[in-house]
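# Structural description and commentary
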Amino acid sequence: MSGIEVGVAALLITVLAGVGLGAITRGWTLLVRRDRIARPRLWGYGILVSDTGLAGLVYFGPYSTPHSHGPLAVTCTGVSIAGIVVQQAAARPGKPAKPRKNAS
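A brief look at the structure comes next. Please read these numbers as outputs of a predicted model, since none were measured by experiment. (Residues numbered from 1 in each chain as written. Predicted model: local features only at pLDDT ≥ 70, side-chain atom pairs only at ≥ 80, totals over all residues. Heavy atoms only, no water.)

### Remarks on a nonpolar patch on the surface
Which entries qualify depends on this criterion: Note on patches: the residues involved have over 30% relative accessible area and no salt bridge, like charges join within 9 Å, and the nonpolar side chains Val, Leu, Ile, Met, Phe, Trp and Tyr join within 5 Å. Per-residue and other accessible areas were derived by the Shrake-Rupley procedure at a 1.4 Å probe size, with only the shown protein chains allowed to occlude residues. For salt bridges, the criterion is a side-chain nitrogen of Lys or Arg within 4 Å of an Asp or Glu carboxyl oxygen. Think of it this way: any DSSP run of H or I at least four residues long counts as a helix, any run of E at least two long counts as a strand, and we number them from the N terminus. Classification of residues uses two cut-offs on accessible area relative to the type maximum, computed with a 1.4 Å probe and protein chains only: under 20% is buried, over 50% is exposed, and between them is partly exposed.
A contiguous nonpolar patch, built from Ile 4, Val 8 and Leu 12 and spanning about 320 Å² of accessible area, is present on the exposed surface. Relative to the helices and strands, Leu 12 resides in helix H1 (residues 3–26). Taking relative accessible area as the criterion, Leu 12 reaches 52% and is therefore assigned exposed.

### Brief notes about helix H3 (residues 70–89)
For an α-helix, the turn length of 3.6 residues means that residues three or four places apart are oriented alike. Put simply, the rule reads: By this rule the span expected of a helix is its residue count minus one, scaled by 1.5 Å. Comment: arc refers to directions from the helix axis out to C-beta atoms.
Its 20 residues give H3 an end-to-end C-alpha distance of 29 Å, which sits within 8% of 28 Å, the value for a rise of 1.5 Å per residue. When H3 is considered as a whole, its buried residues turn out to be Ala 73, Cys 76, Ser 80, Gly 83 and Gln 87. The buried residues of H3 occupy one face: seen down the axis, they fall within an arc of 70 degrees. For H3, the exposed residues set more than 90 degrees away from the buried face come down to Pro 71, Val 74, Val 85 and Gln 88.

### Examining the nonpolar core
When a protein is soluble and globular, its nonpolar side chains tend to lie buried together. What counts here: In these notes, a set of buried Ala, Val, Leu, Ile, Met, Phe, Trp, Tyr and Cys residues joined through side-chain atoms within 4.5 Å is what counts as a nonpolar core. Working rule for contacts: check all heavy atoms of both residues, and any pair within 4.5 Å makes them a contact.
If you look at the biggest cluster of nonpolar residues, it comprises five residues: Ala 23, Ile 37, Trp 43, Ile 47 and Ala 90. What Trp 43 contacts, discounting residues up to four positions off in sequence, is Val 19, Ala 23, Trp 28, Thr 29, Leu 30, Ile 37, Gln 87 and Ala 90.

### A closer look at the packing of helix H2 (residues 40–60) against H3
Test applied: All axes here are fitted lines through C-alpha atoms, helices being fitted over the stretch that makes contact, and every angle between N-to-C directions spans 0 to 180 degrees. With respect to orientation, any angle under 35 degrees is reported as roughly parallel, any angle over 145 as roughly antiparallel, any angle of 65 to 115 as roughly perpendicular, and every other angle as oblique. Whether a crossing is left-handed or right-handed is set by the direction in which the near helix is turned from the far one by less than a right angle, anticlockwise for left-handed and clockwise for right-handed. Throughout this entry, Asp, Glu, Lys and Arg are counted as charged residues, while Ala, Val, Leu, Ile, Met, Phe, Trp, Tyr, Cys and Pro are counted as nonpolar. The remaining residues, Gly among them, count as polar.
For the pair H2 and H3, the least separation of the axes is 7 Å and the interaxial angle reads 165 degrees. The orientation of H2 relative to H3 falls into the category roughly antiparallel. Regarding H2 and H3, the two cross each other, and that crossing is left-handed. Residues Leu 42, Trp 43, Gly 46, Ile 47, Val 49, Ser 50, Gly 53, Leu 54, Gly 56, Leu 57 and Phe 60 of H2 form the contact with H3, whose participating residues are Leu 72, Ala 73, Cys 76, Thr 77, Val 79, Ser 80, Ala 82, Gly 83, Ile 84, Val 86, Gln 87 and Ala 89. Class assignment for the residues of the contact of H2 with H3 results in 15 nonpolar, eight polar and no charged.

### Here we look at H1
In this model, H1 (24 residues) spans 34 Å end to end at C-alpha, consistent with the 34 Å of a helix rising 1.5 Å per residue. If you follow the buried residues of H1, they end up packed against H2.

### Observations concerning the layout of surface pockets
We apply this condition: In this analysis the probe radius is 1.4 Å and the grid spacing 1 Å, with only protein atoms considered; a cavity is a set of points the probe fits into but cannot get out of, a pocket is an open set with protein on both sides within 12 Å along at least five of seven lines, and lining residues have an atom within 4 Å of a point. Grid points are joined across faces, edges and corners, and a volume is the space filled by probe spheres set on the points.
Here the largest pocket defines a volume of roughly 180 Å³. If you go around the largest pocket, the residues you meet are Leu 30, Val 32, Arg 33, Arg 36, Ile 37, Trp 43, Gln 87, Gln 88 and Ala 91. A per-class count over the lining of the largest pocket returns five nonpolar, two polar and two charged.

What follows is the structure, encoded as structure tokens:
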């Protein structure tokens, strides 16, 4: 990875960490889809877990660098997916589908 790519990745990871910490400490959420988040603190923990996985993936990623490790990159991907699952658990459930009327 070039220096610009690492810089952009570091900036995005820092912004995501700030959003996660804001959600945990203050209950703040992003303006986008705010109505879909039922538990902002849990959502913030999910962002931090996902962010940790992404940071590890950037560091241990599949690029040809002195510190690239395939198994660690796969583990970091799993951590990131676990964070996304936690974020989904914090979301409001959708409306249940209405039962269809029988034709009989």
